[in-house]
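So the chains spell out like this:
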Amino acid sequence: MEAKKAKIYKQAIEVAEKKKCFFIEQLVAFLPIVKSTFYDYFPVGSDELNAIKAILEKNRVEVKTSMYNKWFKSDNPTLQIALMKLIATDEEAHRLN
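These numbers were taken from a predicted model, which means no experiment stands behind them. (Residues numbered from 1 in each chain as written. Predicted model: local features only at pLDDT ≥ 70, side-chain atom pairs only at ≥ 80, totals over all residues. Heavy atoms only, no water.)

Of note, the phi angle at Lys20 is positive, near 55 degrees, even though the residue is not glycine. Relative to the helices and strands, Lys20 resides in the loop between helix H1 (2–18) and helix H2 (24–28). (Helix = DSSP H or I, 4+ residues; strand = E, 2+ residues; numbered from the N terminus.)

With that settled, consider the packing of H1 against helix H4 (residues 47–73). Packed helices, taken two at a time, are described by the angle between their axes plus the distance between the axes. Put simply, H1 and H4 touch, their axes get as near as 9 Å, and they point 10 degrees apart. Between H1 and H4, the angle is such that the two are roughly parallel. Between H1 and H4, the residues in contact are Lys5, Tyr9, Ala12, Ile13, Ala16 and Glu17 and Glu48, Ala51, Ile52, Ile55, Leu56 and Asn59, respectively. Residues of the contact of H1 with H4, tallied by class, amount to eight nonpolar, one polar and three charged. (Axes fitted to C-alpha atoms, helices over the stretch in contact; angles between N-to-C directions. Parallel < 35°, antiparallel > 145°, perpendicular 65-115°, else oblique. Contact = heavy atoms within 4.5 Å. Nonpolar A, V, L, I, M, F, W, Y, C, P; charged D, E, K, R; others polar.)

Running from N to C, H4 and helix H5 (residues 77–87) point in directions that differ by 130 degrees, and their axes come no closer than 8 Å. Of the possible angle classes, the one that applies to H4 and H5 is oblique. For the pair H4 and H5, the sense of crossing is left-handed. Residues Tyr68, Trp71 and Phe72 of H4 form the contact with H5, whose own contacting residues are Leu79, Gln80, Ala82, Leu83 and Leu86. Considering only residue class, the contact of H4 with H5 consists of seven nonpolar, one polar and no charged. (Left-handed = near helix turned anticlockwise from the far one by under 90°.)

According to the stated counting rule, one finds five salt bridges in the structure shown. Among the salt bridges present, the one from Lys5 reaches Glu48, with a minimum N-O distance of 3.7 Å. In this pair, Lys5 is assigned in helix H1 and Glu48 in helix H4, connecting sequence segments 43 residues apart. When the shortest N-O distance is used, the salt bridge between Glu62 and Lys58 registers 3.4 Å. With Glu62 and Lys58 both in helix H4, this residue pair falls four residues apart, about one helical turn. (Salt bridge = Lys/Arg side-chain N within 4 Å of Asp/Glu carboxyl O.)

Structure (structure tokens):
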């Protein structure tokens, strides 16, 4: 089982990086196991799961940053308002509504 777990872990890391996965469910869809087996191999709090989650979070941050930059540079008022709502203080966001 350890050999299979190591193989799945390696695949999970590669898929998460290559496919730019954001969520565990998305990642598991690319692996030859089901979600329950994934969590059997990599229980909550394990170093392996934490490493996988770190990659997923890195992917989310990279995409968000890219989108924010595109929205900021855009001349589209809808995108600019959406960005402002995301970065605004509570008072500013309230005034935009």
